[in-house]
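Each chain is listed here by its residues.
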Amino acid sequence: MARYPKRFKSLRLGFVPLADCAPLVVAQELNIFAKYGLSVTLSRQIGWATVRDKIIYGELDASHAVAGLPFAATLGLGAAPCECLTGLVLNLHGNAITLSSELYDLGVRNAASLRDVIARFRNKRMFVFGIVFPSSSHNFLLRQWLQTGGIDPDHDVRIVVVPPPQMFASLKAGTLDGYCVGEPWNSVAVQARAGWCVATSAELAPLHPEKVLMVRRSFAEQQPEAHRALIAALLEACEYCDREENREQLVSLLARPQYLNASEESLRPGLLGQFGFGHGRVERVPRFNIFHRDDANEPSAQRAAWVLNHMRRSGVDALPDMPASLISQVFCMETYEEARQLINQTPKHEHGTIENPVLVTQA
């Protein structure tokens, strides 16, 4: 197997157990990291606040992250400010809004009928909905969906932050009435008949940026070659993940205990595209999760603007204005283009079969 000529020191990469961490897992399992001279340890994290803190304090060199997190960290929203950036978008779409079976039994079918139920229970009960992080697309999408039904997300309901792997348990326990999260945590609820999906992010915000590779600016400046190699490896992995013929392999791989520790049955709807919404509704959603098509991996100015505009609309703290020069330093197309050039200069890698699982550390 051809390898990138230079060898770099070992890197620790974080991920949260969601289907869209697939590029990191594939790059490790198919030795794509090794091709570019990288030795990587994948480290599973519980949620995005943990990822933010470990990136800021250097416990992680890089991580799978929600697209708003590099901006939030750079601006010091919710934590000490730390200049961070991304040179790679890992995927588009990948989320859904799931509501409890109780709401279905109360007559909820859409946002408008949810508004009627909220009005019926006013002064008796506050309905609670989960998101994964304030500056995540989940917050933007849930608020947007609620507003289509005339629901004020800041006054008519309560929105709380819950780590993705804990969403289903919270819904089942009755502490959440619904949530917006990535797969497989919507399908887990549907298959357990604890909830049902009312909308996907692909229909709510077509081609929106979802996860990115996040690093500290100091890492990118002190180890530019390793950073480019990391992006190149993951870009190759994203292309692999996007091929339909590889999706069943992704299902098998991600289900492993060291990654998502979820059933293959729960991973298939989002990755294979035959999505079960619950109550007998099954639809083909082939673009539920996009890893490479549609120039998905570009950290473009347009994608940066989408993230910042929605952060501002969602009232994420008092979001200050950012000059265009700073925005382009956070969503860094220059680094992305350098990584693409590196791929063109590196011998093609013939992807083998996945056999033995690799070491994954726990947070």
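Note that the coordinates shown come from a computational prediction; the quantities given were computed from them, not determined experimentally.

Asks: Tell me about the overall build of the chain, residues and numbers included.
Replies: Counting secondary structure elements, the chain contains 17 helices and 14 strands. Computed over its C-alpha atoms, the radius of gyration of the chain comes to 20 Å, within 12% of the 21 Å expected for a compact globule of 363 residues. Overall, the C-alpha framework of the chain stretches about 65 × 45 × 35 Å when taken along its three principal axes. Taking all 363 residues of the chain together, 61% fall into the buried category. At a minimum sequence separation of 6, the contacts of the chain that also span at least 24 residues come to 78%. Accessible surface, the chain as shown: approximately 14,200 Å² in total, 48% of it carbon and sulfur.

Asks: Any chance you could break down the nonpolar core for me, citing the residues and the numbers?
Replies: What tends to happen in soluble globular proteins is that the nonpolar side chains get buried as a cluster. Counting 71 residues, the largest nonpolar core has F71, L99, L114 and W145 as the members making the most contacts within it. Apart from the residues within four sequence positions on either side, F71 is in contact with A304, V307, L308, M311, M322, I327, V330 and F331. The next biggest cluster of nonpolar side chains, apart from the first, holds 52 residues, and it includes L38, L42, A262 and F291.

Asks: Please give an account of the environment of L24 that cites residues and values.
Replies: Mapped onto the secondary structure, L24 falls in helix α1 (residues 22-29). Sequence separation between L24 and L42 is 18 residues; the distance between their C-alpha atoms is 7.9 Å. Contacts of L24, omitting those with residues within four sequence positions, involve L13, G14, F15, F33, L42, H64, L90 and L234.

Asks: Describe helix α15 (residues 301-313), and please don't skip the residues or the numbers.
Replies: Helix length check: α15 (13 residues) gives 18 Å between terminal C-alpha atoms against 18 Å at 1.5 Å per residue, within 8%. For α15, every residue scored as buried is listed here: R303, A304, W306, V307, L308, H310 and M311. Of the surrounding elements, those touching the buried residues of α15 are α4 (69-75), β4 (84-93), α7 (137-148), β10 (209-216) and α16 (324-330). G315 sits one or two positions beyond α15 and adopts a positive phi of about 70 degrees.

Asks: Can you explain the confidence of the model for the chain? Please cite residues and give values.
Replies: The predicted model of the chain has a mean per-residue pLDDT of 93, with 93% of residues at 70 or higher. When the criterion is pLDDT under 50, residues 352-359 qualifies, and its contacts beyond four places in sequence or with other chains add up to 19 contacts.

Asks: Explain the pairing of strand β1 (residues 11-15) to me, using residue names and the numbers behind them.
Replies: A large share of β1 lies buried, amounting to four of its five residues. In terms of strand pairing, β1 meets strand β2 (residues 40-44) through five bridges, oriented parallel. Looking at β2, one finds that L11 is bridged to V40. Looking at chain direction, β1 and strand β3 (residues 62-66) are connected through two bridges and run parallel. Bridge pairing links G14 to S63 in β3.

Asks: Go over the sheet that holds strand β5 (residues 95-100), please, and point to the residues and values.
Replies: With respect to topology, five strands assemble into an open sheet ordered β7-β6-β8-β5-β9, the strand pairing being mixed. Here the strands that pair on one side only, and so sit at the sheet edges, are β7 (158-161) and β9 (195-200). Put simply, the sheet's adjacent strands are angled 25 degrees from each other on average, direction ignored. Lying on the sheet, α7 is in contact with β5, β6 (128-131), β7, β8 (178-182) and β9; it crosses β5 at an angle near 55 degrees.

What counts and how
- Residues numbered from 1 in each chain as written.
- Predicted model: local features only at pLDDT ≥ 70, side-chain atom pairs only at ≥ 80, totals over all residues.
- Heavy atoms only, no water.
- Helix = DSSP H or I, 4+ residues; strand = E, 2+ residues; numbered from the N terminus.
- Rg over C-alpha atoms; globule rule 2.2 N^0.38 Å.
- Buried < 20%, exposed > 50% of the residue type's maximum accessible area, 1.4 Å probe, protein only.
- Contact = heavy atoms within 4.5 Å.
- Areas by Shrake-Rupley, 256 points an atom, 1.4 Å probe, with all protein chains shown as cover.
- Core = buried A, V, L, I, M, F, W, Y, C linked by side-chain atoms within 4.5 Å.
- Expected span 1.5 Å × (residues − 1).
- pLDDT = per-residue confidence, 0-100.
- Pairing = 2+ DSSP bridges.
- Axes fitted to C-alpha atoms, helices over the stretch in contact; angles between N-to-C directions.

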